[in-house]
Amino acid sequence: MTTSITGIGHSVKRKEDARFLRGKGTYVDDVKLPGMLFMDIVRSPYAHARILNIDASGALALPGVLAVITGKDLDAAGLAWMPTLMGDKQMVLPVDRVVFQAQEVAAVIATDRYIAADAVALVDVEYEPLTPVVDPQKALEPDAPLVRPDRENKTNHIWHWEAGDRARTDELFDQAEVVVKQDLYIPRIHVSSIETCGCVASFDRISGKLTIYMTTQAPHPIRTVFSLVSGIPEHKIRVISPDIGGGFGGKVPVYPGYVIATVASIQTGHPIKWIEDRSENLQADSFARDYHISAELAAKRDGTMLALRATTIADHGAFDAAANPSKFPAGLFSVITGSYQLQAAHVAVDGVYTNKPSGGVAYRCSFRVTEAVHTVERLVDTLADELEIDPAELRFKNFIQPDQFPYKSATGWEYDSGNYPAALQKAMDKIGYADLLREQAEKRARGELMGIGISTFTEIVGAGPSHTFDILGIKMFDSCEIRVHPTGSAIVRIGVQTQGQGHETTFAQIVAEELGLPVENITVEHGDTDTAPYGLGTYASRSTPTAGAATAVAALKIREKAKKIAAHILEVDADDLEWTNYQFQVKGVPSRAVTMKDVAFAAYTNHPQGMEAGLEAVDYYDPPNLTFPFGAYICVVDIDRGTGEVKIRRFVAVDDCGNIINPMIVDGQIHGGLTMGMAPSLLEAITYDEDGNIQQGSFMDYLLPTAMETPVWETDKTCTPSPHHPLGAKGVGESATVGAPPAIANAVVDALSHLGVTHIDIPITPWKVYQILEEHGVAEA
Amino acid sequence: MTHHVSFRINGQAYEADVEPRLLLVHFIREVAGLTGTHIGCDTTSCGACTVLVNGLPAKSCTLLAVQVNGAEISTVEGLEQNNQLHPIQEGFFEEHGLQCGYCTPGMMMTAVALLKENPDPTETEIRQAISGNLCRCTGYVNIVKSIQYAAKKMRDAEHEPVPVSAGAEGGQA
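In this text, all values refer to a predicted model and were calculated from it rather than measured experimentally.

Rules used in this analysis
Residues numbered from 1 in each chain as written. Chains lettered and ligands numbered in written order. Predicted model: local features only at pLDDT ≥ 70, side-chain atom pairs only at ≥ 80, totals over all residues. Helix = DSSP H or I, 4+ residues; strand = E, 2+ residues; numbered from the N terminus. Rg over C-alpha atoms; globule rule 2.2 N^0.38 Å. Buried ≥ 20, exposed ≤ 12 C-beta atoms within 10 Å, placed from the backbone. Contact = placed C-beta atoms within 7 Å. Nonpolar A, V, L, I, M, F, W, Y, C, P; charged D, E, K, R; others polar. Domains from an automatic or database assignment. Axes fitted to C-alpha atoms, helices over the stretch in contact; angles between N-to-C directions. Parallel < 35°, antiparallel > 145°, perpendicular 65-115°, else oblique. Left-handed = near helix turned anticlockwise from the far one by under 90°.

> Which parts of the structure should I look at to understand the overall build of chain B?
From N to C terminus, chain B includes five helices and five strands. Sequence-ordered secondary structure for chain B, helices as α and strands as β, is β-β-α-β-β-β-α-α-α-α. Scaling as 2.2 N^0.38, a compact globule of 173 residues should have a C-alpha radius of gyration of about 16 Å, and chain B matches this with 16 Å. Projecting the C-alpha coordinates of chain B onto the three principal axes gives extents of approximately 60 × 35 × 30 Å. When the 173 residues of chain B are sorted by exposure, 55% land in the buried category. Across chain B, contacts joining residues at least 24 apart in sequence account for 62% of those joining residues at least 6 apart.

In structure tokens:
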């Protein structure tokens, strides 16, 4: 009986794989509709310029070209600008100026994608180049070029945001025996999911219904925003998020291409397909990070940490189009106190406009947590170095202890549960920490460079609760609807959306566990706003904490009703029944039992008089708090003195995400997260020259990790359930991306610390390391 | 001006008059309608479009259809035979070698070519072979295991591929 259910805790193979393995997934570029036309986009070569004229005649003369859409066309319809998720506005197409390189300038509609591309080259745009501002510090100077003259406030400063207790923090710093200070730059990076963004917009002139197949992680809020902006009634808009080839946060924002394709479909009456090239995706879609941080940690000489403070300049590019909850322009950066007991902390962040594409979307990270974790974990190592205390020992000394949960952090978060010493001890035992220290001492004596880096991070995921978290006013709950069919199979529809996380399997496991139905008899659907219940979508590791909880609660609602039906079948009082071994059983009489399958049939054929027929439930779950997954990572690196190359020899990741629904899938999430943590640590960064030209505009220059750079990740777990989540689960998708970078950076700094090196900004490229080696006279020719 | 091209894709004959600039990947996806082969970049970097041309892996976004006129082309859709998954498909299923599934077809085609050439590759040889195929989801750990699974399965003359039964818990039992 129990073996066929394969509910929570089983490594169930994925249901969605059947189509992907056969090449039968439906990604947006696979959608083909009758009469479909293709859109391609003319983009700006300049980071800052006035548009003097757009001459589309050459393009329009090309056979197969149906239209060229400019900002002026959109302006006439009131659609030249659109709101961003952060309450700013963003150009869909410019009317008179461009504010970043590769910005959309015009769109061509043609019968074929090759003709559309030809036509792009025939649109003649006359620009008057303006001086761009690329450096956010310079953007704040009084005579800096103004990025956004459209705003009332004639400055590049967007907002100032603070958290924590400044006075108390400063007081502790004044009294502290030791203060360590570190400036960090967390560079601009790009998620670069292997599938780029795109859509097929199809407006039916007869029914007035707009259907958009869109690479989106959040179809429901997008439907609402499209309705509010366009005036099309919401029931006449259907957003379908089909199979998505990776999201990682990059598919949360609304990009201009979606809007232009929609306008073009309404204008032409044809479905319009728009698919980005990689170079367009990499040059123009929203970026992550780009935080210039100055941070300090105050402590006693014995290593007791007291307080932390940080000031930050956040480069948001030309539009504040980040995807943070409304009240959190700097996301959850205030989780910067990490896993440590601090008496006070204060963070201040200033958002700044520059002539770059929008910044501030996630890169597999829950709203700026990566920046916070990198800061505190680097500071702890800097303090350890200053005090000559082992970094592991310093962490043990300052950890929030298991009996202190729920723990109120110095910046006001209530950590739900944790056992940090257990996770770190497990990681140290697994990797053989003491032996590594000995090995390092021996190697150092021989002139070899080996480093050991620790990161003991705390994540903060699963937004809501709705009293604090909303996006454009839409509360951050999430949802599930379950319908059990008469023969004991079920359909489950969820408000979140998968981009590879395996929801079709894991959500079926939750229902299987709670209802005692086999996983293979449960279908999970998502991503279609016409059928799925309203939800905020999948990002920030929120699916399990929110929709996972909604699924458990909806299933329990069904079980409540099922119990009454079971009592009716067994002709006993419902109070005499217990749910055991996935069936309703008369207490103490195992032979008198009915299964959920029996109950389901009765719900449609023999339900008690006076009870509604059917067996279904909906739940909109508003989490009482966020969940706080954590982990302890230890990285061992060897540095090549001849090339400066950093080789990750071993990486042990002990994660704690509470109760696990599918261990196989969780491990897969951690492997991927670690790789996306390594990527910006060693390889990836987006930079611009002084004219605002992007320097990494294709995969030739923006280096994603291949199988050769990626080490064999060694994973392990501890399990500290969330006390407030119905399943005791926490999120996990982003933990590793958040936790890995400081472990790697700390390992490299550790390898070089005897030379006096105390910090290296990521990405730690061979060239950067080689320069350091040369500077200290230890480079090999 | 168009050129007449004809080739076999997964054993089936296709012919068409195409522009000389038509990319092979667009022929496969749009003319032949086989959308399992994906496009992930425009610089031959990501390998999502990998297919076999006369048995050798090739990035179909960097070949013109006219260049491979007359060739035998294999795509992901041709892996399954007689309702039996190819061992590489089985390996990716059993070892959780895919998440979003976008890089998977190209990754599998590269692996098929590797295993034909080298039936018992070392882990390093596997990693080298797939280093032209980018995956953003899996961190490659389980992709390597998937290919090792397939290699073992294919070496075993007795093997009987098990069809995918989604939702079943295999491997662990």
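Text resumes after the structure shown.
> I would appreciate a short explanation of the interface of chain B and chain A in the present structure.
The partner chain A presents 50 residues to the 50 residues of chain B that form the contact. If you list the elements that add at least two residues to the side of chain B that touches chain A, you get helix H2 (87-94), helix H3 (104-117), helix H4 (123-129) and helix H5 (141-155) of chain B. At four residues, H2(B) tops the list of elements feeding residues into the side of chain B that touches chain A. Its residues assigned to classes, the side of chain B that touches chain A shows 20 nonpolar, 21 polar and nine charged.

> Where do I start with the domain arrangement of chain B in this structure?
Reports of interface size often rely on the accessible area that becomes lost once the parts have come together. Residue and element names in this part refer to chain B. Assigned domains within chain B: domain 1 (3-76) and domain 2 (87-155). The C-alpha-based centres of domain 1 and domain 2 are spaced at 21 Å. Between domain 1 and domain 2, the contact holds 17 residues from the first and 13 residues from the second. Of all the secondary structure elements, the ones that give two or more residues to the side of domain 1 that touches domain 2 are strand S3 (50-53) and strand S4 (56-59). When its residues are assigned to classes, the side of domain 1 that touches domain 2 shows eight nonpolar, nine polar and no charged.

> What's the story with the packing of H2(B) against H5(B) in this structure? I'm lost.
Between two packed helices, the angle of one axis relative to the other and the distance separating the axes together describe the packing. All names here are of chain B. The N-to-C vectors of H2 and H5 enclose an angle of 135 degrees; their axes lie 8 Å apart at closest approach. Taken together, the axes of H2 and H5 lie oblique to each other. As H2 runs across H5, the sense of the crossing is right-handed. Within the contact between the two elements, H2 uses Pro87, Ile88, Glu90, Gly91, Phe92 and Glu94 and H5 uses Ser146, Ile147, Tyr149, Ala150, Lys153 and Met154.

> Teacher, can you tell me more about the packing of helix H11 (residues 369-387) of chain A against helix H19 (residues 735-752) of chain A here?
All names here are of chain A. The contact between H11 and H19 brings their axes to 8 Å, and the two run at 30 degrees. One element, H11, and the other, H19, form an angle in the roughly parallel class. Handedness of the crossing formed by H11 with H19: right-handed. Contacts from Val369, Thr370, Val373, His374, Glu377, Arg378 and Asp381 of H11 reach H19 at Thr737, Val738, Gly739, Pro741, Pro742, Ala745, Asn746 and Val749. Looking at the contact of H11 with H19 residue by residue, the class counts come to seven nonpolar, five polar and three charged.

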